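What the coordinates show
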Amino acid sequence: MARRQAVLLGETHDVAEIHRWQMHVIAALHQLQPRLAVGFEMFPRRLQPVLDRWVDGQLSTAAFLAESEWDTVWGFPAEIYLPIFHICRQARVRMLALNCHRPLVTRVGKEGWAAIPEEERDGLTPAAPATSAYRRYLFELTGAGGRAPGAAGPDDAGWDRFVRAQQTWDRAFACAIARALGDGTADLVVGIIGRGHLEYGHGTPYQLADLGVTDVAVLLPNQDETLAIEPDRRLADAVFRLDRPEPPATRRTRARLVAG
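These notes cover the structure that comes with them. Here the residue index of a chain counts from 1 through its sequence in written order. Reporting in this predicted model follows two pLDDT cut-offs: at least 70 for local features of residues, and 80 or more for side-chain atom pairs to be given and counted; totals over whole chains, interfaces and linings ignore these cut-offs and use all residues. The side-chain quantities take in all heavy atoms of the structure and omit both hydrogens and water.

**A few points about the nonpolar core**
Here is a general trend for soluble globular proteins: nonpolar side chains tend to be buried in one another's company. Here, the term nonpolar core denotes a set of buried Ala, Val, Leu, Ile, Met, Phe, Trp, Tyr and Cys residues that are joined through side-chain atoms within 4.5 Å. Partly exposed describes any residue whose relative accessible area lies between the buried limit of under 20% and the exposed limit of over 50%, with all areas from a 1.4 Å probe on protein chains only and scaled to the type maximum. Grouped together as the largest cluster of nonpolar side chains are 43 residues, with contacts concentrated most on Leu8, Leu98, Trp159, Ile177, Val189 and Leu208. Numbered from the N terminus, helices here are DSSP runs of H or I no shorter than four residues, and strands are runs of E no shorter than two. If you list the elements that add at least two residues to this core, you get β1 (6-11), β3 (94-99), α6 (102-111), α7 (132-142), α8 (160-182), β4 (188-194) and β5 (216-222). Top contributing element to this core by residue count: α8, with 11 residues. Residues Leu36, Cys88, Ala97 and Leu188 belong to the second largest nonpolar core, which totals 40 residues.

Here it is as structure tokens:
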């Protein structure tokens, strides 16, 4: 993995165990490839100066969360992400803001790329057209059969708006990663990205390939009791089995037993 251009670590945003796994993978890769940067879906591009100041040691944790507008731009519990932020700061690993200006996503979904002037695209290029397989994946993932009025199926025009919006995120992450590789910021970019943008090679990996970044790997966590392997579909390059977290009540009971 350390010899790749990009290693994309999928996540379910609110699961602490997944973020601990990501932290360990980042630490291991950094030992093998010091010229590494870590990109985060959580931060829009305009906040890159805040990430730079954090890594440079200029901000306290509280100031970083405030200046990065964490509660507004993301909102998931900061404490489950902070170990990753701290390891980047301690090792002076460049943190990259991968996301775009949120209103752009809504606008592209509604109007399409052609309606957006180039100077208003937040540094993005238009996304490569979605494949039928990706449209079907998104339709099934979101249960859109009951949520998208006018969309009879994944290839129906009524589903275009959602697909365009999703692809705006996919393309934003890909453009930021490609830019960091192209300008010499890093030889390897690790992406912290929601798994829906990565599974089966759709989403961001597909957009990276369109941008000429093809040496990419996707690593995913899994907490299910069983996992059906489908070699012909290739969910990811590797899947890491993580234990399910214990319910809080169970942890408290065990703590009392230990204390007693």
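**Digging into a nonpolar patch on the surface**
Patches here: salt-bridge-free residues with over 30% relative accessible area, like charges joined within 9 Å, nonpolar side chains (Val, Leu, Ile, Met, Phe, Trp, Tyr) joined within 5 Å. Residue exposure ignores everything except the shown protein chains as possible cover, and the areas themselves are Shrake-Rupley values with a 1.4 Å probe. Just to be clear on terms, a salt bridge is a Lys or Arg side-chain nitrogen sitting within 4 Å of an Asp or Glu carboxyl oxygen. On the surface, Leu227, Ile229 and Val239 cluster together into a nonpolar patch covering about 260 Å² of accessible area. Among the secondary structure elements, Val239 is positioned in strand β6 (residues 238-241).

**Quick word on the side chain of Arg121**
As for its placement among the helices and strands, Arg121 is situated in the loop between α6 and α7. When charges are counted, Lys and Arg contribute as positive and Asp and Glu as negative, whereas His and the chain ends are disregarded. Buried charged residue Arg121 carries no salt bridge. Nearest counter-charge: Glu118, at 5.5 Å. Among the polar contacts listed, one links the side chain of Arg121 to the backbone oxygen of Ile116, at a separation of 2.9 Å. Ignoring any residue separated from it by four or fewer positions in sequence, one finds Arg121 in contact with Leu104, Trp113, Ala114, Ile116 and Pro126. Pairs of N or O atoms are called polar contacts if they sit within 3.5 Å, as long as, within protein, a hydrogen donor faces a hydrogen acceptor (for residues adjacent in sequence, only side-chain-to-side-chain pairs). A contact between two residues is defined here by any heavy atoms of the two lying within 4.5 Å.

**Observations regarding the layout of surface pockets**
Grid points spaced at 1 Å over the protein atoms alone were grouped into cavities, where a 1.4 Å probe fits but cannot get out, and pockets, open sets with protein on both sides within 12 Å along at least five of seven lines, with lining residues defined by an atom within 4 Å of a point. Grid points are joined across faces, edges and corners, and a volume is the space filled by probe spheres set on the points. Size it by volume and the largest pocket reaches roughly 380 Å³. Lining the largest pocket are 18 residues, and of these His13, Leu141, Gln166, Gly196 and His197 lie nearest its centre. Looking at the lining of the largest pocket, the elements that each hand over two or more residues are α7 and α8. By residue number, the principal contributor to the lining of the largest pocket is α7, which donates 4 residues. Residue polarity follows a fixed list, in which Ala, Val, Leu, Ile, Met, Phe, Trp, Tyr, Cys and Pro are nonpolar, Asp, Glu, Lys and Arg are charged, and the others, Gly among them, are polar. When grouped by side-chain class, the residues that make up the lining of the largest pocket number 7 nonpolar, 7 polar and 4 charged. Lining the second largest pocket, in full, are Glu41, Met42, Pro44, Arg46, Thr72, Val73, Trp74, Asn99, Cys100, His101, Arg102 and Trp169.

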